Amino acid sequence: MRGIRSTYAKLNQMVDAAIDGSFTESEFNETELSKLEAKWKRFLVSAQLSQEQLQEERAGIQALVSDISHQLKTPLANILLYAQLLEEQGLEEGSRALAGEIKRQSEKLEFLIQSLVKASRLETGTFQMFPKEQEVSPMLQEVVSGARIKAAGREVQIGLPEPEAGLHAVFDRKWTAEALLNLLDNAVKYSHPGSRVTVSVTGYEMFVRIGIHDQGIGIPEGEIALVYQRFYRGSQARGEEGVGLGLYLARQIAEGQGGYLFAETRLGEGSSFYLFLPKETRCAGRDL
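All figures in this text were calculated on a predicted structure; none of them were measured in a lab.

Digging into the nonpolar core
Argument step 1. Counting 39 residues, the largest nonpolar core has Ile158 and Leu184 as its most contacted members.
Argument step 2. At the level of secondary structure, the elements contributing two or more residues to this core comprise helix 4 (137-153), strand 3 (168-171), helix 5 (173-189), strand 4 (196-203), strand 5 (207-213), helix 6 (246-256), strand 6 (260-266) and strand 7 (270-278).
Argument step 3. Here this core takes eight residues from helix 5, the largest share from any one element.
Argument step 4. Setting aside residues no more than four positions away along its own chain, isoleucine 158 makes contact with Val144, Ala147, Arg148, Ala151, Leu184, Val188, Val197 and Val199.

This is the structure in structure tokens:
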């Protein structure tokens, strides 16, 4: 029994040393424990090399995305400018429609590039979030105000009941607003004209929950886990414009602050997306 306990203690030491990066082989003989230590060392070296290779690949992807976005920035700006100038030239109806389509597709491409850059920088840690304790209500009012213009164009109302006074959470305001705008944009986009999108705020012991509720098309049950993937476009969403990055970015932002994103949906009846933000600093703040 004593030998088993000693072995367990040694294994625990090996795991702890691997976690803090201080593991070294201490046995150099033909015992089974010595062989295990040697294998464990080889595994750790291999894992470290794989991690370094992964970091190099991520850095390479980030550099490529940044270079592409930089190279495309000026041509895209020129295309948008020329398209606007064409629209102002008193063209015939057919030609004016073509100029408008050029402008619309250029704006879509510009949005895609910006989204790719954001996603790439979040994944590689080029952008860092700095969550701090602050009131939730001012950010929500700002986000809803920014989304109402597009909602009005689609005849969709956005309701924001008065949040609980003094409700605080720990979050990065800029990035959290980005996540909520993505959620609101989706809610408006997939809602029927004349319907309503509602924003709710609920305080719990450890989290503040922000809900975005729509009365739109909903998501099939088998696709709920897939909608957070990059570039995924659900079967019900293919008639609408989009690049499939909004929910992916929202989830990355939520998890990067110690929170999470959760969805409830019924096909044909609407969806609710819940963004949970931690109330305490110790729950938040892993760098992306």
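On we go from here.
Brief notes about the side chain of serine 271
Argument step 1. Examined against the element boundaries, serine 271 turns out to sit in strand 7.
Argument step 2. Engagement of the side chain of serine 271 in a polar contact is seen with the side chain of threonine 265, the distance being 2.8 Å.

Describing the packing of aromatic side chains
Argument step 1. Applying the stated criterion to the full structure yields four aromatic pairs.
Argument step 2. Relative to phenylalanine 276, the ring of phenylalanine 207 lies with its centre 6.2 Å away and its plane at 85°, an arrangement referred to as edge-to-face. On the criterion of sequence distance, the pair formed by phenylalanine 207 in strand 5 and phenylalanine 276 in strand 7 is long-range, its members being 69 residues apart. Assigned by exposure class, phenylalanine 207 and phenylalanine 276 land together as buried.
Argument step 3. Plain terms: the ring middles of tyrosine 260 and phenylalanine 276 are 4.4 Å apart, the flat faces sit at 10° to each other, and that makes the pair stacked. A residue pair is termed long-range when its members are at least 10 positions apart, and tyrosine 260 in strand 6 and phenylalanine 276 in strand 7 qualify at 16 residues.
Argument step 4. Residue classification places tyrosine 260 among the partly exposed residues on the basis of a relative accessible area of 36%.
Argument step 5. A network of ring pairs unites the aromatic residues Phe207, Tyr260 and Phe276 as a single cluster.
Argument step 6. Sitting above the plane of the tryptophan 175 ring, lysine 174 keeps its charged end 4.4 Å from the centroid.

Brief notes about the pattern of salt bridges
Argument step 1. Summed over the entire model, instances satisfying the criterion amount to six salt bridges.
Argument step 2. The shortest N-O distance in the salt bridge between lysine 150 and aspartate 185 comes to 2.4 Å. Here aspartate 185 lies in helix 5 and lysine 150 lies in helix 4, a separation of 35 residues in the sequence.
Argument step 3. Since its relative accessible area comes to 39%, lysine 150 is described here as partly exposed.
Argument step 4. Among the residues examined, aspartate 185 registers a relative accessible area of 25% and is labelled partly exposed.
Argument step 5. One salt-bridge network, held together by shared partners, links Lys150, Asp185 and Lys189.

Quick notes on the pairing of strand 5
Argument step 1. With seven of seven residues buried, strand 5 is to be regarded as a mostly interior element.
Argument step 2. Neither face of strand 5 is open: one carries Phe207, Arg209, Gly211 and His213, the other Val208, Ile210 and Ile212, and all of them are buried.
Argument step 3. Two strands pair when backbone bridges link them, and strand 4 and strand 5 are joined in this way by six bridges, in the antiparallel orientation. Directly across from threonine 198, in strand 5, lies its bridge partner histidine 213.
Argument step 4. In this structure, the hairpin formed by strand 4 and strand 5 is closed by a connection of three residues.
Argument step 5. Alignment of strand 5 against strand 7, held across seven bridges, turns out to be antiparallel. Looking at strand 7, one finds that isoleucine 212 is bridged to phenylalanine 273.

Quick notes on unusual backbone geometry
Argument step 1. Phi angles above zero are rare outside glycine, and glutamate 155 is one such case at about 60°.
Argument step 2. Along the polypeptide, glutamate 155 turns up in the loop between helix 4 and strand 2 (157-159).
Argument step 3. Take glutamate 155: its relative accessible area is 57%, and that puts it in the exposed class.

Structural notes on helix 4
Argument step 1. In a regular helix each residue adds 1.5 Å, so 17 residues correspond to 24 Å; helix 4 covers 25 Å between its end C-alpha atoms and thus fits that length.
Argument step 2. The largest bend in helix 4 is about 35°, located at alanine 147.
Argument step 3. Here the buried face of helix 4 lies against strand 1 (132-135), strand 2, strand 3, helix 5, strand 4 and strand 5.
Argument step 4. Of the residues flanking the end of helix 4, it is glutamate 155, one or two places downstream, whose phi is positive at about 60°.

So, the sheet that holds strand 5
Argument step 1. One open sheet holds the five strands; their spatial order is 2-4-5-7-6, and the pairing between them is mixed. In this open sheet, the two strands that pair with only one neighbour each are strand 2 and strand 6. Averaged over all pairs of adjacent strands, the angle between strand axes in this sheet comes to 15°, irrespective of strand direction.
Argument step 2. As judged from the three bridges shared by strand 2 and strand 4, these two strands associate in the parallel manner. Within the sheet, the bridge partner assigned to isoleucine 158 lies in strand 4 and is valine 197.
Argument step 3. Sheet strands in contact with helix 6 are strand 6 and strand 7, and its direction is about 140° off that of strand 6.

Calculation rules
- Residues numbered from 1 in each chain as written.
- Predicted model: local features only at pLDDT ≥ 70, side-chain atom pairs only at ≥ 80, totals over all residues.
- Heavy atoms only, no water.
- Core = buried A, V, L, I, M, F, W, Y, C linked by side-chain atoms within 4.5 Å.
- Buried < 20%, exposed > 50% of the residue type's maximum accessible area, 1.4 Å probe, protein only.
- Helix = DSSP H or I, 4+ residues; strand = E, 2+ residues; numbered from the N terminus.
- Contact = heavy atoms within 4.5 Å.
- Polar contact = N/O pair within 3.5 Å; in protein donor to acceptor, adjacent residues only side chain to side chain.
- Phe/Tyr/Trp six-rings, centres within 6.5 Å; stacked < 30°, edge-to-face > 60°.
- Lys NZ or Arg CZ within 6 Å of the ring centre and 35° of its normal.
- Salt bridge = Lys/Arg side-chain N within 4 Å of Asp/Glu carboxyl O.
- Pairing = 2+ DSSP bridges.
- Expected span 1.5 Å × (residues − 1).
- Bend = angle between axes of the 7 residues up to and from the residue.
- Axes fitted to C-alpha atoms, helices over the stretch in contact; angles between N-to-C directions.

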